[in-house]
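Letter by letter, the chains look like this.
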Amino acid sequence: MAYPDLMTRPMREEVTRLGFQELKTPAEVDAVVGQGEGTMLIFVNSVCGCAAGGARPALSLAMQNQVKPAKSVSVFAGVDNEATQRARSFFSDYQPSSPSMAILKDGEVVHFVHRHQIEGKHPQQIAAELVAAFEKHCA
Amino acid sequence: MSGHVFHLGHDDLHGITVVLETTSGKTVIGRWHERVEKGIVLHDAALNEAGSQQTRDDFIARSVKFGVKPEHRTLVVTDEIASVRKLAEF
């Protein structure tokens, strides 16, 4: 089932206004994530409540931190499926879940946030854990 | 448990990935859907039984780190439950 643009646009914009580059095709994913240099946060966006109530508000808080990944990108699971699948190929050891977040450093996964680490948590708690990962891997 | 109801109108644990341990020695990890008369309904669940090649601790640790590898789209756990914890608590 394709979600209407009217429904997903605010969910996209909630992330892009934080400075995330949205990747909608496998080619875009390859061009950006495939570079594999420096630190990068990949957010797998989702229409579910975990994303709305936890992940996106947490990103909004965490991205205010001074130390953060050099680049931040997002793909939209259930919407841009091919791009999402390609993005997941860069962290294929990890089971697909959405929403989820991966921090890559020089192409290697150094931190991963699964859906089970988001669901039922308050954004402040998720953000604090994310900021700790930023400080550890992106300083 | 925080008492925070994640999905209004459902159980407190609805939508939360949990670790169920049964008195029969099974460990089941999956997303809690609901408790019904027959047992507990989980989605995207994985199962580890006593005597499996992978120990219970390894099964949980691997699920924490790499995510739950879903073996069952929907699974009704009918065994007597010994404990229920969120996977995120491990």
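Being a predicted model, the structure only gives us computed values, none of them experimental.

Thresholds, definitions, all that
- Residues numbered from 1 in each chain as written.
- Chains lettered and ligands numbered in written order.
- Predicted model: local features only at pLDDT ≥ 70, side-chain atom pairs only at ≥ 80, totals over all residues.
- Contact = placed C-beta atoms within 7 Å.
- Nonpolar A, V, L, I, M, F, W, Y, C, P; charged D, E, K, R; others polar.
- Buried ≥ 20, exposed ≤ 12 C-beta atoms within 10 Å, placed from the backbone.
- Helix = DSSP H or I, 4+ residues; strand = E, 2+ residues; numbered from the N terminus.
- Pairing = 2+ DSSP bridges.
- Core = buried A, V, L, I, M, F, W, Y, C linked by C-beta atoms within 7 Å.
- Axes fitted to C-alpha atoms, helices over the stretch in contact; angles between N-to-C directions.
- Left-handed = near helix turned anticlockwise from the far one by under 90°.
- pLDDT = per-residue confidence, 0-100.
- Parallel < 35°, antiparallel > 145°, perpendicular 65-115°, else oblique.

## Describing the interface of chain B and chain A
And step 1. Listed by partner, the interface residues are twelve residues for chain B and ten residues for chain A.
And step 2. Among the residues making up the side of chain B that touches chain A, the classes are represented as six nonpolar, five polar and one charged.

## A few points about the pairing of strand β4 (residues 100–105) of chain A
All names here are of chain A.
And step 1. Most of β4 is tucked away: five of the six residues are buried.
And step 2. Pairing of β4 with strand β5 (residues 108–113) involves five bridges; the strand directions are antiparallel. The residue bridging K105 from the neighbouring strand is E108, located in β5.
And step 3. The loop that links β4 with its antiparallel partner β5 comprises two residues; one of these, D106, has a positive phi angle of about 50°.

## A closer look at the nonpolar core
And step 1. Formed by 34 residues in total, the largest nonpolar core has its most connected members in I42, F43, V75 and A87 of chain A.
And step 2. For this core, the elements supplying multiple residues, two or more each, are α2 (26–33), β2 (39–45), α3 (49–62), β3 (71–76), α4 (81–88), β4, β5 and α5 (123–137) of chain A.
And step 3. The biggest single contributor to this core is α3 of chain A, with six residues.
And step 4. Leaving out residues up to four positions away in the same chain, F43 of chain A has contacts with V15, F20, L59, S74 and M101 of chain A.
And step 5. I29, W32, I40 and L87 of chain B belong to the second largest nonpolar core, which has 15 residues in total.

## Some points on the sheet that holds β5 of chain A
Residues and elements named next belong to chain A.
And step 1. The strand order across the open sheet built from five strands is β1-β3-β2-β4-β5, with neighbouring strands paired in mixed fashion. If you trace the sheet from one side to the other, it starts and ends with β1 (21–22) and β5, each paired once.
And step 2. Together, β1, β2 and β3 form the strand contacts of α2, whose direction differs from that of β3 by roughly 160°.

## Thoughts on the packing of α2 of chain A against α4 of chain A
Residues and elements named next belong to chain A.
And step 1. Two numbers describe how α2 lies on α4: the axes approach to 8 Å, and their chain directions differ by 30°. In terms of crossing hand, the pair formed by α2 and α4 is right-handed. Listed contacts from α4 to P26, E28, V29, D30 and V33 of α2 are E82, A83, R86 and A87.
And step 2. Residues that form the contact of α2 with α4 fall into these classes: five nonpolar, no polar and four charged.

## So, unusual backbone geometry
All names here are of chain A.
And step 1. Across the junction of S98 and P99, the peptide omega takes the value 0°, indicating a cis bond.
And step 2. For P99, the position within the fold is in the loop between α4 and β4.
And step 3. Phi at D106 is positive, roughly 50°, even though this residue is not glycine.
And step 4. Considering the arrangement of structural elements, one finds D106 in the loop between β4 and β5.
And step 5. Judged by the 10 C-beta atoms lying within 10 Å of it, D106 is exposed.

## Some remarks on the confidence of the model for chain B
Low pLDDT means the predicted coordinates in that region are not meant to be read closely.
And step 1. When the pLDDT values of chain B are averaged, the result is 91; 90% of them are 70 or greater.
And step 2. Scored as a whole, the predicted complex attains pTM 0.91, and scored at its interfaces, ipTM 0.87.

## A few points about the sheet that holds strand β5 (residues 81–86) of chain B
Residue and element names in this part refer to chain B.
And step 1. Pairing is antiparallel in the open sheet, where five strands are placed in the order β4-β3-β2-β1-β5. Where the open sheet ends on each side, the last strands, each with one partner, are β4 (72–77) and β5. Each neighbouring strand pair of the sheet contributes to a mean axis angle of 40°, computed without reference to strand direction.
And step 2. With nine bridges connecting them, strand β2 (residues 26–36) and strand β3 (residues 39–49) associate as antiparallel partners. By the bridge assignment for β3, E34 is matched with V41.
And step 3. Relative to the sheet, helix α1 (residues 56–66) contacts β1 (17–22), β2 and β3, its axis offset from that of β2 by approximately 60°.

## A word on the packing of α3 of chain A against α5 of chain A
Residues and elements named next belong to chain A.
And step 1. Between α3 and α5, the least distance of the axes is 8 Å, while the angle of their chain directions is 50°. In terms of orientation, α3 lies oblique with respect to α5. In this structure, α3 meets α5 at a crossing whose hand is right-handed. Residue-level contacts link G54, A55, P57, A58, L61 and A62 of α3 to P123, Q124, I126, A127, L130, V131 and F134 of α5.
And step 2. Tallied by class, residues from the contact of α3 with α5 come to eleven nonpolar, two polar and no charged.

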